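Topology and contacts: notes
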Amino acid sequence: MTEKNRQTFYKKLVVTGLAFTLAGAGTLGLHSLHFTGEPTVASAAEETYTTTANLNIRSGPSTSNAIIATVKQGTQLTVVGQAASGWLKVSYQGKTGYVSSEYVKKSASSTTKTYVTTANLNIRSNPSTSSAIVVTVKQGTQLTSTEQAANGWLKVSYQGKTGYVSTQYVKESTGSSEPAPAPAASVYVATANLNVRTAASTAGTVMATLKAGTQIDVTAKAANGWLKITYQGKVGYVSGQYVRALAGMKVVSNPESIQVVVNKQNKLPENYVPKDLVYTTIPFTFKEQTEKKKMRSEAAAAIAQLFAGAKKQGVTLLGVSAYRSHATQSALFSSYVQRDGYDKAATYSALPGTSEHETGLGIDVTKGDGTCAAQDCFGGTKEATWLDAHAAEYGFIIRYPKGKDAVTGYKYEPWHLRYVGKPVAQAIKSKGITLEEYYGIK
């Protein structure tokens, strides 16, 4: 093959995305990639380019280097430098590699700007507060943007994710010498039904009333014990007397995982709804077709097998409550606060967003005659004893076991089952530990 034909052949490989190894190059997995001996790259300001064909991103500036990703025509790439022989160094979804400049063109709006958040801030899937939350970032987080703001929103990228933020809570960074703003407290919660007002005084007009247990984005402290907050995209004020900081609260990044850990320190994304909820086929203590009979599809199939297995051994069970929407959990927790006060309610009921019932993987069960439903008297019954011994065979654990209050944050609940899959359930059962201890997290 002549040198001219060889170059033509290599160029075709780049465009068609054929992911095989050329002579002398070893295969390399995307997640195990490490760059060593990186060629010298001329420094350049970050610019955005668009691919004009399906294109391989490689580990070095040559078709002989390993392919780390193949992107479609029209994909936007951030160019961070220029390499020799017509190759560009690019950043894509948190990874760095090289592409041939022959198959990319500079985007119309290519200047990348860096912004800093001035408050804890939701990044949403679309430019609206009604859109799903992609991720929540803390005050002082740096975000990059290549698009002009429209209608008060800015398109940004953060840790490989793209979304939209309100320009009201970001400011353009002036450079690395700019001191980062002091971080705000992680999460605040209303400890009673609470008015949001237009001013830091009871003389301010009531904008909204929050239920006890509602989580609040506090942006600053106002005078006389009032707090400045954001709620549904608007700025307001609440009395600090009825607000409490929840130290260490985090939003889980894997809400769809069967093994997701949701507890008092790890919450679901705002208004999360599982994608594969189905009605279970098991009998419940009630007849109506409500959300409480739903579970995620895999868990629903497993609970049906568990009920059938129990019946074969002379144990009859009934479902009490499975899935709960965020709205249902909010109303339930608020009612408990009204009855018993915030501190006591928090010992036996979960804050909205931190309830396992919202995952679609948890279910409360009881005896076949319907008695002792979600009550302490269920412990010690033959049904509770059978569940403790056999639930793991079907992929379930007793989520809040006896003597583990300090770990789980909740008292013993022999009736509360959580689906995690057979391998994990059996490992947890054999070791006598909790889901938190299994994963070594709080």
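Residues numbered from 1 in each chain as written. Predicted model: local features only at pLDDT ≥ 70, side-chain atom pairs only at ≥ 80, totals over all residues. Heavy atoms only, no water.

Quick notes on the sheet that holds strand β29 (residues 413–419)
So the rule is basically this: Should DSSP find at least two bridges between two strands, the strands are taken to pair. In this description a helix means any DSSP run of H or I spanning at least four residues, a strand means any run of E spanning at least two, and both kinds are numbered starting from the N terminus. All axes are obtained by fitting lines to C-alpha atoms, using only the stretch in contact for helices, and the reported angles, taken between N-to-C directions, cover 0 to 180 degrees.
Read from one edge to the other, the open sheet built from 4 strands follows the order β26-β27-β29-β28, with strand pairing classed as antiparallel. A single partner strand is all that each edge strand has here, and the edge strands are β26 (317–321) and β28 (396–400). Pairs of neighbouring strands in the sheet enclose a mean axial angle of 45°, with direction left out of account. Where strand β27 (residues 362–367) lies against β29, 3 bridges are found, and the strand directions are antiparallel. Of the residues in β29, the one forming a bridge with I363 is L417.

Side note on the nonpolar core
Formally: Working definition of a nonpolar core: buried Ala, Val, Leu, Ile, Met, Phe, Trp, Tyr and Cys residues. They are joined through side-chain atoms within 4.5 Å. For every residue, the accessible area (1.4 Å probe, protein chains only) is compared with the maximum for its type, and the residue is labelled buried under 20%, exposed over 50%, or partly exposed between those bounds. Should any heavy atoms of two residues lie within 4.5 Å, those residues are counted as being in contact.
In terms of nonpolar packing, the biggest core is built from 35 residues, with M295, I303, L306, I363, L387, F396 and L417 touching the most fellow members. Of all the secondary-structure elements, those providing two or more residues to this core are α2 (297–312), β27, α5 (382–390), β28 and β29. Tallying contributions element by element places α2 first for this core, with 7 residues. Not counting chain neighbours up to four residues away, the residues in contact with L387 comprise L306, L317, V365, F378, I398, P414 and L417.

Quick notes on the state of the cysteines
Here is the rule: Any pair of cysteine sulfurs within 2.5 Å is marked as a disulfide.
Under the criterion given, the structure shown has 1 disulfide. Between the sulfur atoms of C372 and its disulfide mate C377 the distance is 2.2 Å. Negative torsions about the S-S bond denote left-handed disulfides, and the value of about -130° found for C372 with C377 makes this one left-handed. Look at C372 and you get buried, because its relative accessible area is 15%.

Structural notes on the confidence of the model for the protein
Put simply, the rule is: Every residue is assigned a pLDDT by the predictor, reflecting its confidence on a scale from 0 to 100.
On average, residues of the protein score 80 in pLDDT, and 81% of them reach the 70 mark or higher. Long-range and interchain partners of residues 6–45, a stretch whose pLDDT sits below 50, account for 56 contacts in this model, where long-range means more than four residues apart. Long-range and interchain partners of residues 174–185, a stretch whose pLDDT sits below 50, account for 12 contacts in this model, where long-range means more than four residues apart.

Examining α5
Basically, it comes down to this: Directions drawn from the helix axis to the C-beta atoms are what define this arc.
Here α5 has its buried residues at E383, A384, W386, L387 and H390. End-on, the buried residues of α5 take up no more than an arc of 160°, which puts them together on one face. Each element contacted by the buried residues of α5 is listed here: α2, β26, β27, β28 and β29.

Considering the packing of aromatic side chains
The geometry of two aromatic rings is summed up by the distance between their centres and the angle between their planes. Going by this rule: Only rings of Phe, Tyr and Trp enter the pairing, Trp through its six-membered ring, and a pair is recorded when the two centres are within 6.5 Å. The plane angle decides the type: under 30 degrees is stacked, over 60 is edge-to-face, the rest tilted. For a lysine, the NZ atom is tested; for an arginine, the CZ atom; a charge sits over a ring if that atom is within 6 Å of the ring centre and within 35 degrees of the ring normal.
This model, assessed by the stated rule, comprises 7 aromatic pairs. Seen in terms of ring centroids, F284 and F286 are 5.4 Å apart; in terms of plane orientation they differ by 55°. Their pairing is tilted. F284 sits in the buried class, given a relative accessible area of 8%. Assessed through its relative accessible area of 14%, F286 is described here as buried. Taking NZ or CZ as reference, K264 lies 4.6 Å from the ring centre of Y410, over its face. Of note, K294 hangs over the ring of Y279, and the distance from its end group to the ring centre comes to 5.0 Å.

Examining helix α7 (residues 422–431)
Among the residues making up α7, those that are buried are V424, A425, A427 and I428. Burial along α7 is one-sided: seen end-on, the buried residues are contained in an arc of 165°. Exposed positions of α7 whose direction lies more than 90 degrees from the buried face are P423 and S430. For α7, the secondary structure elements touched by its buried residues are β28 and α8 (435–439). Residue G432 follows α7 closely and has a positive phi angle near 65°.

Focus on unusual backbone geometry
Positive phi values are uncommon outside glycine, yet C372 reaches one of about 60°. Tracing the chain through its elements places C372 in the loop between β27 and α5. Although it is not a glycine, A374 adopts a positive phi angle of roughly 55°.

Overview of the environment of L268
Considering the arrangement of structural elements, one finds L268 in the loop between β23 (266–267) and β24 (277–279). On the basis of relative accessibility, which here comes to 1%, the residue L268 falls in the buried class. Each C-alpha atom, one on L268 and one on P255, is 6.3 Å from the other, the two residues being 13 residues apart in sequence. Setting aside chain neighbours within four positions, we find L268 in contact with V251, V252, P255, V262, G353, S355, E358 and T359.

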